[in-house]
Amino acid sequence: MSAMTLKEVTRRFVTGNRSFPAVDNVSLTVRRGQRLALVGPSGSGKTTLLNLMGALDRPDGGTVQCLGVELSTASERKAADFRRKHLGFVFQQDALVPELTVHENVELPLVLLREDAAMRRETVDELLKALGLSQNARAYPGALSAGEKQRVAVARAVVHSPGILLADEPTANLDGISAGWVLDTIESLARKKDLTVILATHDARIFGRFESTIRLEDGRIVESHV
Ligand SMILES: Nc1ncnc2c1ncn2[C@@H]1O[C@H](COP(=O)(O)OP(=O)(O)O)[C@@H](O)[C@H]1O
Ligand SMILES: [Mg+2]
């Protein structure tokens, strides 16, 4: 079973009286454990495609199958349930809750999955330790650097051991060193947790590190190395 299979997926947006495809007839397969970079200039459809893959949005045509489950036609409730269990998301802006500590932020997905307190504590402690973030466990996000915050966001995205991590320009707001550091974090977790990673970026320093890349232009795949 593949991690992700898209068949002839199209998503149209309407602006004014014009309707245009932000994602235009895209077919692709992502293998389990594959690390794939979606690259292309701003406006090429990377975010739209990631949102379709994560069932945050639905296509106007075509099908999206994620870990063997047809998500393009699933009810919102089923899609939300699937996301909570099987997917992790990282966005350009870290979406950490400022009122919660680092430990509490990373714990959130496990709370939503109603895991018991002992399991949550152990899992979060272990993950923060593995990432060298233990000393920040009681800190609030406001006290962290942009790179540290984004690493915490990555930890939170994988704490429940999802099958797939979807990351949308996770290093766009970072300097080169912090960006590399965030990518190191994603790579080490991917290896350890046998994670499929699909990451959108237009940063050559980042996608240069990916073996598999798909290039988008105007919503279409124009180059594919997978
Ligand atoms: N909700 C929306 N409504 C209308 N147009 C949108 C919407 N989201 C994205 N677009 C348009 O779709 C195209 C692709 O956008 P996007 O997927 O965000 O590209 P990227 O992430 O590669 O920068 C752009 O032309 C963008 O303006
Ligand atoms: Mg985008």
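It should be noted that the structure appears before, not after, this text.
Summary of the structure given here.

How each quantity is defined
- Residues numbered from 1 in each chain as written.
- Chains lettered and ligands numbered in written order.
- Predicted model: local features only at pLDDT ≥ 70, side-chain atom pairs only at ≥ 80, totals over all residues.
- Heavy atoms only, no water.
- Axes fitted to C-alpha atoms, helices over the stretch in contact; angles between N-to-C directions.
- Helix = DSSP H or I, 4+ residues; strand = E, 2+ residues; numbered from the N terminus.
- Parallel < 35°, antiparallel > 145°, perpendicular 65-115°, else oblique.
- Left-handed = near helix turned anticlockwise from the far one by under 90°.
- Contact = heavy atoms within 4.5 Å.
- Nonpolar A, V, L, I, M, F, W, Y, C, P; charged D, E, K, R; others polar.
- Buried < 20%, exposed > 50% of the residue type's maximum accessible area, 1.4 Å probe, protein only.
- Pairing = 2+ DSSP bridges.
- Salt bridge = Lys/Arg side-chain N within 4 Å of Asp/Glu carboxyl O.
- Core = buried A, V, L, I, M, F, W, Y, C linked by side-chain atoms within 4.5 Å.

Quick notes on the packing of helix 3 (residues 102–112) against helix 5 (residues 146–158)
At their nearest, the axes of helix 3 and helix 5 sit 7 Å apart, and the two run at 30 degrees to each other. Taken together, the axis directions place helix 3 and helix 5 in an arrangement best described as roughly parallel. Handedness of the helix 3/helix 5 crossing: right-handed. Judged by residue contacts, V102, N105, V106 and P109 of helix 3 engage V152, A155 and R156 from helix 5. In terms of residue class, the contact of helix 3 with helix 5 is built from 5 nonpolar, 1 polar and 1 charged.

Focus: the environment of G40
Assignment of secondary structure puts G40 in the loop between strand 3 (35–39) and helix 1 (46–53). Aside from chain neighbours lying at most four places away, what touches G40 is K46, T201, H202 and L216.

What about helix 1?
Within helix 1, 6 of the 8 residues are buried, leaving the element largely enclosed by the surrounding structure. Along helix 1, the residues classified as buried are K46, T48, L49, L50, L52 and M53. A55, located one to two residues past helix 1, shows a positive phi value of around 55 degrees.

As for the sheet that holds strand 9 (residues 212–217)
The mixed open sheet is built from 6 strands, whose spatial order is 6-7-8-3-9-10. Sheet topology places strand 6 (87–90) and strand 10 (220–225) at the edges, where each strand pairs with a single neighbour. In this sheet, adjacent strand axes meet at a mean angle of 15 degrees when their direction is disregarded. With 5 bridges connecting them, strand 9 and strand 10 associate as antiparallel partners. Paired with R215 across the bridge in strand 10 is E223.

Focus: the environment of V159
Here V159 is to be found in the loop between helix 5 and strand 7 (164–168). Of the residues examined, V159 reaches a relative accessible area of 2% and is grouped as buried. Sequence separation of V159 and E107 is 52 residues, and the distance between their C-alpha atoms is 7.4 Å.

Observations regarding the pattern of salt bridges
When their charged atoms lie close together, side chains carrying opposite charge are able to pair. What the rule picks out here adds up to 13 salt bridges. Of the charged contacts, one joins D81 and R84 as a salt bridge, the two residues approaching to 3.7 Å between their closest N and O atoms. Residue D81 and its partner R84 are both found in helix 2 (residues 76–86); the two are separated by 3 residues, about one turn of the helix. Using a relative accessible area of 32% as the deciding quantity, one classes D81 as partly exposed. Classification of R84 by relative accessible area gives partly exposed; the value is 37%. The salt bridge involving K85 is made with D81; its shortest N-O contact spans 3.1 Å.

Description of the nonpolar core
Of all hydrophobic cores here, the largest spans 36 residues; its most connected members are V106, L127, L165, I186 and L199. The set of elements that each furnish at least two residues to this core consists of strand 3, helix 3, helix 4 (117–130), helix 5, strand 7, helix 6 (176–193), strand 8 (196–201) and helix 7 (204–207). I186 has contacts with V154, L165, V197 and L199, leaving out every residue within four places of it along the chain. Judged by nonpolar contacts, the second largest core, of 28 residues, contains L6, L71, I164 and A200.

Let's talk about the packing of helix 3 against helix 4
Remark: helix 3 packs on helix 4, axes separated minimally by 10 Å, with the N-to-C direction vectors making an angle of 125 degrees. Regarding the angle of helix 3 to helix 4, the classification is oblique. Considering how the two elements wind past one another, helix 3 and helix 4 form a crossing that is right-handed. In this structure, helix 3 uses V102, H103, V106, E107, L110 and V111 to contact helix 4, whose residues at the interface are M119, R120, R121, T123, V124, D125, L127 and L128. Of the residues belonging to the contact of helix 3 with helix 4, the class tally is 8 nonpolar, 2 polar and 4 charged.

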